[in-house]
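Results of the structural survey
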Amino acid sequence: GAVVSQHPSRVICKSGTSVKIECRSLDFQATTMFWYRQFPKQSLMLMATSNEGSKATYEQGVEKDKFLINHASLTLSTLTVTSAHPEDSSFYICSASEGGPNTGELFFGEGSRLTVL
Amino acid sequence: AQSVTQLGSHVSVSEGALVLLRCNYSSSVPPYLFWYVQYPNQGLQLLLKYTSAATLVKGINGFEAEFKKSETSFHLTKPSAHMSDAAEYFCAVRQGAQKLVFGQGTRLTINP
């Protein structure tokens, strides 16, 4: 199946710094990618939909100035957590679809665990 | 809006026993339903999906799920559990184009 890769898999940063997480579709082009956040022992919550060449669409309650999303190419989306604080510590997962809107299957990255000290 | 509810946050079975993970959905339109598995510190892997074709869907690793409209259910089963099946399982429903809404997750533990 299609492969989606995230980098870094783990990152530790100091409070107040910014952290960038990359999501790449390795063998297909993805016009749309999705960013999820997962707290320990909880489900995945959709944060935003990343659209290639346009602004991301954020879910209700997600601060767009806090979580900057850029989808500059058909194979790369980035999530930047700005001025990170300990409460931003979480597991961030991206996903992408290799097909059109109705294929229904999303491929997920391996996830990136962010720890803010 | 579509949603799914997973009954039981933790299920424990013996190796070789039947695995049954429950998922009920709520949808105003014919749903697209999915089961994903997540191993520790990893992303999600698709087990199977229902897209309005056959109601009994077979997936990877011996798992299958049956779509029952009358019960609004999409329970995941496996006849014989293996130690490697221990993981977190998520039921999900598609909301709009490609957007997925996940259930709370069920942690499956396999006892030797």
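The notes below deal with the structure included here.

Rules used throughout
- Residues numbered from 1 in each chain as written.
- Chains lettered and ligands numbered in written order.
- Predicted model: local features only at pLDDT ≥ 70, side-chain atom pairs only at ≥ 80, totals over all residues.
- Heavy atoms only, no water.
- Phe/Tyr/Trp six-rings, centres within 6.5 Å; stacked < 30°, edge-to-face > 60°.
- Helix = DSSP H or I, 4+ residues; strand = E, 2+ residues; numbered from the N terminus.
- Buried < 20%, exposed > 50% of the residue type's maximum accessible area, 1.4 Å probe, protein only.
- Pairing = 2+ DSSP bridges.
- Axes fitted to C-alpha atoms, helices over the stretch in contact; angles between N-to-C directions.

Some points on the packing of aromatic side chains
Under the defined criterion, the tally for this structure stands at 13 aromatic pairs over all chains. Between A:Phe28 and A:Phe107, the ring centres sit 6.3 Å apart and the planes meet at 55 degrees, which makes this aromatic pair tilted. Pair noted here: A:Phe28 is in the loop between strand S3 (19-25) and strand S4 (32-38) and A:Phe107 is in strand S10 (residues 107-108), with a separation of 79 residues, a long-range link. By the burial criterion, A:Phe28 is buried, and A:Phe107 matches it. A centroid spacing of 5.5 Å and a plane angle of 45 degrees characterise the contact between B:Phe63 and B:Tyr89, whose relative ring orientation is tilted.

Things to note about the sheet that holds strand S1 (residues 3-7) of chain B
Residue and element names in this part refer to chain B. Spatial ordering of the open sheet is given by S1-S3-S8-S7-S6, a layout of five strands whose pairing is antiparallel. Of all the strands in the sheet, just S1 and strand S6 (56-58) have a single pairing partner and so form its edges. The mean inter-strand angle of the sheet, taken between neighbouring strand axes irrespective of direction, is 20 degrees. Both S1 and strand S3 (residues 19-26) contribute to a ladder of five bridges, which runs antiparallel.

Digging into the pairing of strand S9 (residues 87-94) of chain B
All names here are of chain B. Taking burial as the measure, the eight residues of S9 include eight buried ones, the bulk of the element. Side chains Ala87, Tyr89, Cys91 and Val93 project from S9 onto one buried face, and the interleaved Glu88, Phe90, Ala92 and Arg94 project onto a second face that is buried too. Pairing of strand S4 (residues 33-38) with S9 involves six bridges; the strand directions are antiparallel. Counted as the bridge partner of tyrosine 36 is phenylalanine 90 from S9.

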